[in-house]
Amino acid sequence: MKAKGKVFRYGNNVDTDVIIPARYLNTSDPKELAEHCMEDIDADFVKNVKKGDIIVADKNFGCGSSREHAPLAIKTAGIACVIAADFARIFYRNSINIGLPILECPEAVANIEAGDEVAVDFATGIITNVTKSKTFQGQAFPEFMQNLIAVGGLVNSINKKL
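Criteria and cut-off values
Residues numbered from 1 in each chain as written. Predicted model: local features only at pLDDT ≥ 70, side-chain atom pairs only at ≥ 80, totals over all residues. Heavy atoms only, no water. Buried < 20%, exposed > 50% of the residue type's maximum accessible area, 1.4 Å probe, protein only. Helix = DSSP H or I, 4+ residues; strand = E, 2+ residues; numbered from the N terminus. Contact = heavy atoms within 4.5 Å. Phe/Tyr/Trp six-rings, centres within 6.5 Å; stacked < 30°, edge-to-face > 60°. Lys NZ or Arg CZ within 6 Å of the ring centre and 35° of its normal. 1 Å grid on protein atoms, 1.4 Å probe; cavity = no way out; pocket = protein on both sides within 12 Å on 5 of 7 lines; lining within 4 Å. Points joined across faces, edges and corners; volume = space filled by probe spheres on them. Nonpolar A, V, L, I, M, F, W, Y, C, P; charged D, E, K, R; others polar.

If you check which residues of helix α5 (residues 89-98) are buried, you get Phe91, Asn94, Ser95, Ile96 and Ile98. Positive backbone phi, at 85°, marks Gly99, one or two positions downstream of α5.

Positionally, Asp121 belongs in strand β5 (residues 117-121). The residues touching Asp121, leaving out its near neighbours within four places in the chain, are Met1, Lys2 and Ile126.

Mapped onto the secondary structure, Glu143 falls in helix α7 (residues 143-150). The spatial distance from the C-alpha of Glu143 to the C-alpha of Phe122 is 9.5 Å, given a sequence separation of 21 residues.

Bringing the packing of aromatic side chains into the picture now. Ring pairs (aromatic) are described by centroid distance and by the angle formed between their planes. For the structure on display, the rule yields six aromatic pairs. Geometrically, the ring pair formed by Phe61 and Phe87 is edge-to-face, given 6.1 Å between the ring centres and 85° between the ring planes. Of the two residues, Phe61 is situated in the loop between β2 (54-57) and α4 (69-77) and Phe87 in the loop between β3 (81-84) and α5; the sequence distance between them amounts to 26 residues. Looking at Phe61, the relative accessible area reads 0%, which means it is buried. We note Arg89 situated over the ring of Tyr92; from NZ or CZ to the ring centre the distance is 5.2 Å.

A separate point is the layout of surface pockets. Counted as a void, the largest pocket has a volume near 200 Å³. For the largest pocket, the lining is made up of 14 residues, of which Lys51, Lys75, Gly78, Ile79 and Ala80 are closest to its centre. Its residues assigned to classes, the lining of the largest pocket comprises eight nonpolar, three polar and three charged.

Its location among the elements puts Gly138 in the loop between β7 (134-137) and α7. Taking C-alpha positions, Gly138 is 9.2 Å from Val120, a pair spaced 18 residues apart along the chain. For Gly138, the residues in contact, after removing those within four places along its chain, are Glu104, Cys105, Thr124, Gly125 and Ile127.

What follows is the structure, encoded as structure tokens:
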């Protein structure tokens with residue numbers, strides 16, 4: 001599995017209320033959630049994001065409430081991968097559960113800027129800043145996690161086996 005796209009760059013402590021504001025949680029429709037993804041921190045995100053783009057953030061991405069709506073909104077908006085220095089644990093789990101690839105790599109985060117083109121190889125964990133011709137080693141996804149993400153998450157994986 002691989003991803004390649006333009007970077008949307010954010011700082012520390014991007015919480016789930018910023019990723020998908022609570023005022024939109026009266027729906028669980030992924031497309032409706034995606035229409036409001038990141039709007040309180042980046043009003044132009046939804047207008048500018050393209051399928052395959054990548055979010056890069058500093059520490060504690062996805063902190064706050066435990067809602068699965070946040071990674072679902074990001075994934076449905078078209079983001080192929082989130083790279084951060086580290087993630088809130090519940091966000092990390094929810095992302096894998098819905099099939100959103102996420103990688104922790106502080107070195108890559110420190111060397112990636114908004115608008116850079118980045119490529120990620122999930123099997124090897126290699127993150128390449130194509131714009132700056134720099135490569136970083138993130139944690140590779142074990143095969144079972146690659147399979148979970150490929151089928152769209154944990155529930156889809158279980159249903160596929162039944």
